[in-house]
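Listed below are the residues making up each chain.
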Amino acid sequence: MKQYCDGGEAILQAFRNLGLDYIISSPGSEWSPVWEALARQKVNQQPGPRYVDCWHETLAVDIAMGYTQVTGRMQAVLLHAGAGLLQGSAGIHSALLAEVPMVILSGESVSFGEDPKLAIEPQWYRALSIIGGPQRLVEPVTKWATQAGSVHTLYEHVVRAGEMAQRTPRGPVYLNVPLEVMLQEWAPPEHPHQIPPAPAIRPNDSDVEKIAELMINSRNPIILADAAGRDPAAFSALIELAELFGIPVGNGGGVSFANFPKDHPLFLGSAIHSFLRDADLVLLVGCKAPWYPPSRKPTAGTVVAIDPNPLKGTMVYQSQQADHYLEGEIAASLQLLVEAAKAAGISGAKHADRRDNWQREHERIIAAQLGAEAATKRADKIEPLALVGALREAMPADAIYVEETITHSGLLQQHLPCSQPQSFFRPGGGLGQGLGVALGVKLGAPQRPVAALIGDGSFLYNPVVQALGASKGCGLPILIVVFNNGQYRAMQTGHLHHYPDGVAQEADLWHGVAIDGPDYAELGRPFGFHGQRVDKPGELPDAVRGAMRAVQDGKSAILNVVLSQ
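First, a word on scope: everything that follows refers to the structure included in this document. (Residues numbered from 1 in each chain as written. Predicted model: local features only at pLDDT ≥ 70, side-chain atom pairs only at ≥ 80, totals over all residues. Heavy atoms only, no water.)

### Thoughts on the overall build of the protein chain
Working step 1: Scanning the protein chain from N- to C-terminus turns up 20 helices and 18 strands.
Working step 2: Here the C-alpha atoms of the protein chain give a radius of gyration of 25 Å, agreeing with the 24 Å that 2.2 N^0.38 yields for 565 residues.
Working step 3: Projecting the C-alpha coordinates of the protein chain onto the three principal axes gives extents of approximately 80 × 60 × 50 Å.
Working step 4: Put simply, the protein chain has 565 residues, and 55% of those count as buried.
Working step 5: Partitioning the contacts of the protein chain with sequence separation of at least 6, the portion at a separation of at least 24 is 77%.
Working step 6: Between the mean site of the 44 positive side-chain charges and the mean site of the 57 negative ones, the protein chain shows a separation of 3 Å. (Helix = DSSP H or I, 4+ residues; strand = E, 2+ residues; numbered from the N terminus. Rg over C-alpha atoms; globule rule 2.2 N^0.38 Å. Buried < 20%, exposed > 50% of the residue type's maximum accessible area, 1.4 Å probe, protein only. Contact = heavy atoms within 4.5 Å. Lys, Arg positive; Asp, Glu negative; His and termini not counted. Charge placed at Lys NZ, Arg CZ, Asp CG, Glu CD.)

As structure tokens, this is what we get:
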């Protein structure tokens, strides 16, 4: 048994020294050097990243994204060249928009069988090569993309890619590694070392003092948050800051995390936008697009953007209407504001009246929400709020929700009972990634129940069979709830927006709207999963509990919930 030490070992050693937990892959024929290195790692009982096999490239990227979002730990994804990169590009683009660090590798051939000393398979010549290199395919959707042209630079190339991915702004980094490079003999570095983590960025002291002074002098401040909850420390710091000043917190224009406890007396959710007009200070915490149209600022008050990277290079157009920026890691920025305010003599007691006022508003909003949910139980058909009410009633308090809907997104963000850190995630970019992200979240938080809430249209964009296969093969049981209204409602809504009195409306003739889908509950049967179609409101709580019992027994469950709208 020969123990090779080639480019495959260089890649694996770089992954080890970057501290990666997993290599997640929809495999291609270029990766035999890495597979050989992984086999050596196991036989030789070396520590190192574990392998996760996927049947679809976007699924592999999304699992890595979900895992990193819930753990904060970057992972590696190996894809096949050409078509594999194109398949994975939807997930890569979402990782770029969500600023999720990731090392993505694929390969190619550069000799096409003409090297008499190295036999290369013919598919590279006939079908898989990309003019200019496969990095051209993903340059627009990655932070950085290049080729590793020599085995002598390969290890440092991979290390650099990992370090670059984790620097602000974080994002996916792509490295093209030709098969000929991986097959060459490699000499490990004499003094290998663990790669240090990226340093946290903190704002300037003068900026902290300026924003703290604005908060101290403000009469009616408001906080909007979209991505503060990416970091549990920021979730806690936002609570402390809001309580210290008695400031209400609500959703910005693109909520992608649980940013603030929904059961907190200062939380107003989406209802907060009605109060922006009278605010004299608005703190945008991790909000890249707080309102729409972007230039229509809803307040005459001062706007402060708090984010490590407030000006997003991934956006074609962006206008936050910010008067001040506090640039640094959100948790550190919020904690520094708290310290500055306390040093100036601010205490929670000073703003007790403000807090009491917003608590009454919070209680009014919650009572209205619960009343609306209760009213739907009397309907003949299942209304969306009835489904949310059943989830509230039957799901464990520590549940994590991964939401991928369009029509019902705002309703879910307002009503879902997410009061713990990392209890809500919403994939960005294109649809079809909710299942993969949910599986990645489950991989990173195996002790917490994970529910993927997906519209029937969104569900059909997902690689369903491949995701169910990964769920079974990797032991990642999740609850999948299909919000089935039998249509791409967003298509019809957009049509009516532009042609409210058009022919389609008059003749009831719609294109791209109706979905004649299968019974989604049956799709898990070949994998031995639980499934149930639910048609009546009264069936919902027991259906959710039954599905969760299956999940607790280690099997995913699919609820096909037929909605009235």
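### Some details on helix H4 (residues 83-97)
Working step 1: Given a rise of 1.5 Å per residue, 15 residues ought to cover 21 Å, and the 22 Å separating the end C-alpha atoms of H4 matches this to within 8%.
Working step 2: Serine 89 marks where H4 bends most, by close to 50°.
Working step 3: Where H4 is concerned, the buried positions are Gly84, Leu85, Gly88, Gly91, Ile92, Ser94, Ala95 and Leu96.
Working step 4: Elements that come into contact with the buried residues of H4 comprise helix H3 (57-71), strand E4 (102-106), helix H6 (135-138) and strand E6 (172-176).
Working step 5: Just downstream of H4 lies glutamate 99, where phi reads positive at about 55°. (Expected span 1.5 Å × (residues − 1). Bend = angle between axes of the 7 residues up to and from the residue.)

### Quick word on the sheet that holds strand E8 (residues 249-251)
Working step 1: Taken in spatial order, the six strands line up as E9-E8-E7-E10-E11-E12 in an open sheet, and their pairing is parallel. One side of each edge strand has no neighbouring strand; the edge strands of this open sheet are strand E9 (267-269) and strand E12 (324-327). Adjacent strand axes in the sheet meet at a mean angle of 20°, parallel and antiparallel pairs treated alike.
Working step 2: As defined by bridge partners, strand E7 (residues 221-225) adjoins E8 across three bridges and the pair is classed as parallel. Pairing of leucine 224 across the sheet is with glycine 250, part of E8.
Working step 3: Helix-sheet contacts for helix H11 (residues 330-343) involve strand E10 (281-285), strand E11 (302-307) and E12, and the interaxial angle to E11 is about 130°.
Working step 4: Sitting on the sheet, helix H12 (residues 352-375) is in contact with E7 and E9, with an inclination near 45° to E9. (Pairing = 2+ DSSP bridges. Axes fitted to C-alpha atoms, helices over the stretch in contact; angles between N-to-C directions.)

### A few points about the side chain of asparagine 484
Working step 1: Secondary-structure assignment places asparagine 484 in strand E16 (residues 479-484).
Working step 2: Of the polar contacts made by the side chain of asparagine 484, one reaches the backbone nitrogen of glycine 486; its length is 3.0 Å.
Working step 3: One polar contact links asparagine 484 to asparagine 560, side chain to side chain, over a distance of 3.0 Å.
Working step 4: What asparagine 484 contacts, discounting residues up to four positions off in sequence, is Asp456, Tyr520, Asn560, Val561, Val562 and Leu563. (Polar contact = N/O pair within 3.5 Å; in protein donor to acceptor, adjacent residues only side chain to side chain.)

### Considering the packing of aromatic side chains
Centre-to-centre distance and the angle between the planes together describe a pair of aromatic rings.
Working step 1: Tallied over the entire structure, the rule returns 10 aromatic pairs.
Working step 2: Considering the side-chain rings of phenylalanine 459 and tyrosine 520, the 5.4 Å spacing of their centres and the 75° angle between planes classify their relative orientation as edge-to-face. With phenylalanine 459 in helix H16 (residues 456-461) and tyrosine 520 in the loop between helix H19 (503-507) and strand E17 (530-534), this pair connects stretches of sequence that are 61 residues apart.
Working step 3: With a relative accessible area of 1%, tyrosine 520 lands in the buried category. (Phe/Tyr/Trp six-rings, centres within 6.5 Å; stacked < 30°, edge-to-face > 60°.)

### Looking at the environment of threonine 68
Working step 1: Summarising the element assignment, threonine 68 is placed in helix H3.
Working step 2: For threonine 68, a relative accessible area of 6% puts it in the buried group.
Working step 3: If near-sequence neighbours (up to four positions away) are discounted, threonine 68 is found in contact with Arg73, Met74, Gln75, Val100 and Pro101.

### Quick notes on the pattern of salt bridges
Working step 1: Using the criterion set out here, one finds 18 salt bridges in the structure.
Working step 2: We note a salt bridge from glutamate 99 to lysine 312, for which the minimum N-O separation is 2.6 Å. Here the residue glutamate 99 occupies a position in the loop between H4 and E4, and lysine 312 occupies one in the loop between E11 and E12, the gap between them amounting to 213 residues. A single burial state applies to glutamate 99 and to lysine 312, both of which are buried.
Working step 3: One salt bridge connects arginine 426 with glutamate 403, and the closest N-O pair in it is separated by 2.7 Å. Of this pair, arginine 426 sits in the loop between strand E14 (424-425) and helix H15 (434-444) while glutamate 403 sits in strand E13 (residues 400-404); the two residues are 23 residues apart in sequence, bridging distant segments of the chain.
Working step 4: The class of glutamate 403 is buried, set by a relative accessible area of 0%. (Salt bridge = Lys/Arg side-chain N within 4 Å of Asp/Glu carboxyl O.)

### Some words on the pairing of E17
Working step 1: Judged from the five bridges that link them, E17 and strand E18 (residues 557-562) form a sheet pairing that is parallel. When the bridges of E18 are listed, histidine 530 appears paired with alanine 557.
Working step 2: Running through helix H20 (residues 540-552), the crossover from E17 to the neighbouring parallel element E18 is right-handed. (Right-handed = clockwise from strand over helix to strand, strands pointing away.)

### Here we look at the packing of H3 against H4
How two helices pack is summed up by the angle between their axes together with the distance between the axes.
Working step 1: Running from N to C, H3 and H4 point in directions that differ by 25°, and their axes come no closer than 7 Å. For the element pair H3 / H4, the angle class is roughly parallel. Two packed elements cross with a definite hand, and for H3 against H4 that hand is right-handed. Along the contact surface, H3 presents Glu57, Thr58, Val61, Asp62 and Met65, while H4 presents Gly84, Gln87, Gly88, Ala90, Gly91, Ile92, Ser94 and Ala95.
Working step 2: Here the residues of the contact of H3 with H4 sort into five nonpolar, six polar and two charged. (Parallel < 35°, antiparallel > 145°, perpendicular 65-115°, else oblique. Left-handed = near helix turned anticlockwise from the far one by under 90°. Nonpolar A, V, L, I, M, F, W, Y, C, P; charged D, E, K, R; others polar.)

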